[in-house]
Amino acid sequence: MPIPKFKTFRSGAVPVRMENIDTDQIIPARFLKAVERKGFGDNLFRDWRYDAAGKPVAGFPLNDKRYSGEILVASKNFGCGSSREHAAWALYDYGFKVVVSSFFADIFKNNALNTGLLPVQVSEEFLGKIFAAIDKDPKAQFEVDLTGQTMTILATGEKTKFDIDSYKKECLLSGYDDVDYLVALRPQIEAFEKENPGAGK
C-alpha cells in the first residue's frame with residue numbers, strides 16, 4: 001500500500017493517558033489473521049473500545065466525541081510487548097498520522113516508521129503540557145512539522161524538537177518504503193556502476 005508523503009499539518013489529538021500500552025492492547029492477537037495492512041483500524045484498542053457485548057465503552061477516549069484528530073497522545077512506554085507490526089498498521093488504518101509519547105518501544109517505533117506513522121518522542125514535561133492543553137480544551141490544536149522536527153501546542157505557542165533517523169525522515173517526506181527508496185536511487189546506482197566497472201565483484 002503506497003505511503004502518502006508526510007506534510008506539516010495541524011490537528012486535534014486523542015489522549016489515551018495510560019502507561020505501558022502494549023501491542024496486544026493496541027490490536028489483540030485474535031485479529032492478526034490478515035496479511036494486508038487494510039482493515040485493522042476497526043479493531044484498534046478493541047478490548048478497551050468495546051465491551052463483551054460489542055457495545056462502545058463510553059469512557060474510552062476513541063469513543064469520546066470531544067476528541068478527534070490525526071494525533072494519538074499516550075503516556076510513556078507505548079508499543080511495548082510483542083513485535084507485531086499489525087499494531088502500527090491498526091493505528092495508521094484508523095487514521096492516525098502521529099503517535100506522541102515520552103518513550104516508545106524500539107521495535108514498535110521501527111514498525112511505525114515503516115508504515116508511514118510518525119512516532120514523536122517528547123519529554124515527560126512536554127507530554128504533560130500536551131495533556132494539560134487537551135484538558136483545558138478537548139479541541140486543542142497541535143502542529144507537527146517533520147521537516148523542522150518540531151511539535152507545537154498552538155494555544156500556547158510552546159514547541160519542542162524531536163529526533164528521527166535521517167533515512168526514515170527522508171522516506172516519510174518522500175512517501176517511500178524501503179523498496180521505493182532503492183528504486184529512487186537507481187540513476188545514482190547505475191551511474192556508479194558505469195564509473196566503477198567491476199565494483200563489488
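Quantities reported herein were computed from a predicted structural model and do not represent experimental measurements.

Visitor: Sorry, what's going on with the overall build of the protein chain here?
Guide: Helix and strand counts for the protein chain stand at eight helices and eight strands. When the 201 residues of the protein chain are sorted by exposure, 43% land in the buried category. Long-range contacts, defined as pairs at least 24 residues apart, comprise 64% of the intrachain contacts of the protein chain with a sequence gap of at least 6. As displayed, the protein chain offers around 10,800 Å² of accessible surface, 50% of which is attributable to carbon and sulfur atoms.

Visitor: I'm lost on the pattern of salt bridges in this one. Help?
Guide: Side chains carrying opposite charge are able to pair once their charged atoms draw close together. In the structure shown here, the tally under the stated rule is eight salt bridges. For Glu 70, the salt bridge goes to Lys 97, with nearest N and O atoms at 3.6 Å. Separated by 27 residues along the polypeptide, Glu 70 in the loop between α2 (46-49) and β3 (71-74) and Lys 97 in the loop between α3 (86-94) and β4 (98-101) bring together distant segments of the chain. Overall, Lys 97 belongs to the partly exposed group, its relative accessible area being 33%. With its nearest N and O atoms 2.9 Å apart, the salt bridge here joins Lys 129 to Glu 158. With Lys 129 in helix α5 (residues 124-136) and Glu 158 in strand β8 (residues 158-161), this pair connects stretches of sequence that are 29 residues apart. By relative accessible area, which is 31% here, Lys 129 ends up partly exposed.

Visitor: How do you make sense of the sheet that holds strand β7 (residues 150-153) when you look at a structure like this?
Guide: Hydrogen bonding along the main chain pairs the strands of a sheet, whether they run parallel or antiparallel. Read from one edge to the other, the open sheet built from four strands follows the order β1-β6-β7-β8, with strand pairing classed as antiparallel. Of all strands in the sheet, those with a lone pairing partner are β1 (9-11) and β8, marking the two edges. Between one strand and the next, the sheet's axes are offset by a mean angle of 20°, whatever the strand orientation. Pairing of strand β6 (residues 142-145) with β7 involves four bridges; the strand directions are antiparallel. Note on β7: the bridge partner recorded for Phe 142 is Ile 153.

Visitor: Before we go on, may I ask you to explain the nonpolar core in this structure?
Guide: It is characteristic of soluble globular proteins that their nonpolar side chains tend to be buried jointly. Counting 54 residues, the largest nonpolar core has Phe 78, Leu 91, Phe 108 and Leu 118 as its most contacted members. Those residues in contact with Phe 108 that sit more than four places away from it in its chain are Ile 26, Phe 78, Gly 79, Ala 87, Ala 88, Leu 91 and Leu 117.

Visitor: What is the right way to read the environment of Leu 32 from this model?
Guide: Of note, Leu 32 is situated in the loop between α1 (23-26) and α2. Classification of Leu 32 by relative accessible area gives partly exposed; the value is 23%. For the pair Leu 32 and His 86, spaced 54 residues apart in sequence, the C-alpha to C-alpha distance is 7.1 Å. In this structure, Leu 32 is in contact with Ile 27, Phe 40, Arg 84 and His 86, ignoring residues within four places of it in sequence.

Visitor: Looking at this structure, I do not really get the pairing of β7. What am I missing?
Guide: Within a regular beta strand, the side chains point alternately toward one face of the sheet and then the other, so they alternate between its two faces. Of the two faces of β7, the one holding Thr 150 and Thr 152 and the one holding Met 151 and Ile 153 are both buried throughout. Counted between consecutive antiparallel strands, the loop separating β6 from β7 contains four residues, among which Gln 149 sits at a positive phi close to 55°. Judged from the four bridges that link them, β7 and β8 form a sheet pairing that is antiparallel. Within the sheet, the bridge partner assigned to Met 151 lies in β8 and is Thr 160. Here β7 folds back onto β8, and the loop between the two strands holds four residues, one of which, Gly 157, carries a positive phi near 80°.

Visitor: Would you take a moment to explain the environment of Ser 123 for this structure?
Guide: Relative to the elements of secondary structure, Ser 123 occurs in the loop between β5 (118-121) and α5. The class for Ser 123 is partly exposed, based on a relative accessible area of 38%. Once the C-alpha coordinates of Ser 123 and Ser 102 are considered, the two residues, 21 residues apart in sequence, prove to be 5.4 Å apart. Only 3.0 Å separates the side chain of Ser 123 from the backbone nitrogen of Phe 126, close enough to count as a polar contact.

What counts, and where the lines are drawn
- Residues numbered from 1 in each chain as written.
- Predicted model: local features only at pLDDT ≥ 70, side-chain atom pairs only at ≥ 80, totals over all residues.
- Heavy atoms only, no water.
- Helix = DSSP H or I, 4+ residues; strand = E, 2+ residues; numbered from the N terminus.
- Buried < 20%, exposed > 50% of the residue type's maximum accessible area, 1.4 Å probe, protein only.
- Contact = heavy atoms within 4.5 Å.
- Areas by Shrake-Rupley, 256 points an atom, 1.4 Å probe, with all protein chains shown as cover.
- Salt bridge = Lys/Arg side-chain N within 4 Å of Asp/Glu carboxyl O.
- Pairing = 2+ DSSP bridges.
- Axes fitted to C-alpha atoms, helices over the stretch in contact; angles between N-to-C directions.
- Core = buried A, V, L, I, M, F, W, Y, C linked by side-chain atoms within 4.5 Å.
- Polar contact = N/O pair within 3.5 Å; in protein donor to acceptor, adjacent residues only side chain to side chain.

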